Amino acid sequence: MTTAVEKEVNPHFEDFLFDWRCKTQLLVGGYGSSKSYHVALKILLKLLEEKRTALVVREVYDTHRDSTFSLFTEIIEDLGLSGKVKTSSSPMTVKFPNGSKIIFRGMDKPEKLKSINNISLIWLEECSEIKYAGFKELLGRLRHPTLDLFIILSTNPVSKGNWTYKHFFKNEMEEYFVLDDEELYKQRTIIVNNTYYHHSTADDNLFLPASYIEQLDEMATYDPDLHRIARKGRFGVNGVLVLPQFETKPHDQVMNEIALIRKPIRKNGMDFGFVDSYNAVLRMVVDHENKWLYIYEEYYKRGMTDDKTADELEELGLKKSIIKADNAEPKTIAYFKQRGFRMYSCKKLTRVENTKKMKRFKRIICSEACVNTIRELKELTFKKDSKTDEIIEDEFNIDPHTFSAMWYGLDDYEVASVKGANSK
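Residues numbered from 1 in each chain as written. Predicted model: local features only at pLDDT ≥ 70, side-chain atom pairs only at ≥ 80, totals over all residues. Heavy atoms only, no water.

### Regarding the state of the cysteines
No. 1: Under the criterion given, the structure shown has zero disulfides.
No. 2: Not engaged in a disulfide, the cysteine C127 finds its nearest cysteine sulfur in C22; these two sulfurs lie 16 Å apart.
No. 3: The buried category is assigned to C127, whose relative accessible area is 0%. (Disulfide = S-S within 2.5 Å. Buried < 20%, exposed > 50% of the residue type's maximum accessible area, 1.4 Å probe, protein only.)

### Focus on the packing of aromatic side chains
No. 1: A complete count under the given rule lists 23 aromatic pairs for this structure.
No. 2: Here F72 and F104 contribute two aromatic rings whose centre-to-centre distance is 6.0 Å and whose plane-to-plane angle is 70°, an arrangement assigned as edge-to-face. On the criterion of sequence distance, the pair formed by F72 in helix α4 (residues 68-78) and F104 in strand β5 (residues 101-106) is long-range, its members being 32 residues apart. The two residues F72 and F104 agree in class, both being buried. (Phe/Tyr/Trp six-rings, centres within 6.5 Å; stacked < 30°, edge-to-face > 60°. Helix = DSSP H or I, 4+ residues; strand = E, 2+ residues; numbered from the N terminus.)

### Looking at the sheet that holds strand β17 (residues 342-345)
No. 1: On the basis of which strands lie adjacent, the open sheet formed by seven strands has the order β12-β18-β15-β14-β13-β16-β17 and mixed pairing. Both edges of this open sheet fall to β12 (246-249) and β17, since each of them pairs with a single strand only. Going across the sheet, the axis of each strand differs from the next one's by a mean of 30°, ignoring polarity.
No. 2: Relative to strand β14 (residues 279-287), strand β13 (residues 265-271) runs antiparallel, the two sharing seven bridges. Residue pairing for β14: G269 is matched across the bridge by L282. (Pairing = 2+ DSSP bridges. Axes fitted to C-alpha atoms, helices over the stretch in contact; angles between N-to-C directions.)

### Let's talk about the packing of helix α11 (residues 306-315) against helix α12 (residues 330-338)
No. 1: In the contact formed by α11 and α12, the axes pass within 11 Å of each other and the chain directions differ by 50°. Considered as vectors, α11 and α12 are oriented oblique to each other. Both α11 and α12 take part in a crossing whose hand is right-handed. Of α12, the residues touching α11 (which contributes D306, D307, T309, A310 and L313) are T332, Y335 and F336. (Parallel < 35°, antiparallel > 145°, perpendicular 65-115°, else oblique. Left-handed = near helix turned anticlockwise from the far one by under 90°. Contact = heavy atoms within 4.5 Å.)

### What to know about the sheet that holds strand β3 (residues 86-89)
No. 1: The strand order β3-β4-β5-β2-β6-β7-β1-β11-β10 describes an open sheet built from nine strands, whose pairing is mixed. Each edge of the open sheet is held by one strand with a lone partner, namely β3 and β10 (189-192). Pairwise comparison of adjacent strand axes, ignoring direction, gives a mean angle of 15° for this sheet.
No. 2: Inspection of the sheet shows strand β2 (residues 53-58) paired to β5 by six bridges, in the parallel sense. Among the inter-strand pairings, A54 is bridged to a residue of β5, identified as I102.

### Considerations on the environment of R141
No. 1: As for its position among the elements, R141 is in helix α5 (residues 132-141).
No. 2: Owing to a relative accessible area of 18%, R141 belongs among the buried residues under this scheme.
No. 3: The spacing of R141 and G340 is 199 residues in sequence and 57 Å in space, taken between C-alpha atoms.
No. 4: With near-sequence residues (within four places) excluded, R141 lies in contact with L113, K114 and I119.

Geometric values such as these leave the question of function open.
Spelled out as structure tokens, the structure:
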């Protein structure tokens, strides 16, 4: 390695530059951590050594010009290789004296990907912006008759709802687990299932001015979500939580606490679904004195006909309990009544009114047995208006069926009063 290269390398990235043990390499980091710079340097060094065609991909093709293509050009000049390694800006390409080349593509122009052959190395910059289907398509483009194959992904950590987190860490909905992201933050680099993980923050970039890091630190006071991403380089919840008072406890503990409530108010709510949405039933208990809500049992399935759903709810002992259900489905409610269920249409309230009611509970305590309720509500956030950046009070980041079941079940209960009878 030349002296010029050594000057540009941050110690936290030294091992990464020459570590090619794993086919897949994921770099997660905050702003200014220098992860993209070192990915570009790593690829250049590899292509100088071996004749390869590398594909660099972003969601939008034109963003390469001021990011990845600019980085490669800068590094080539720093290494004094401008006379040997040639760059072209139209179309954007990098060509090496040994026949290696780097080509740039965007997922916004998928037709440009179809003509590519013999790609042995792919870099997905800002991979969280690319759709999961696009990532899987690119894996299919990664093929070469003789060379080892590599795919490098780099990103700022966004929401845990993004496919990057679900694929490389965990997806609770699918009960899929690879790695706890907290373990990565602690170890900084780790190999799991032939994937090399690397975590970095601005502190790992020795060439950053102190003023830049001060700007990142200031984000904690006015934008905690961005501070988590930009400064700490950590995945989490992006946006304003709908239910910040939501918490989970072991099932036995929840049931013990419910048993100690002096005048428990029992409620059951149901949201209907079939193909894309879910039949969701929640069994709840209100501790009115403390203004606490307990969720202790859930039913959550889709693709079920009404007769099968009725059979399963009867097996759960819900036939004798009062269930408040979505008033937009009178025909379905009529069927359940014919089957002997004590099911009734809920009162009509707006999504905003229902949400505000749920937010009035001081605590919402959910049994750990209710995995789908936890998945939907623990990190439920409001959508934001793309133009004003203001939250939209009746839209969320997902379609939370269990939240609807809460609304319906508690339709005649007011947190500020003692309205409503027990539903058992």
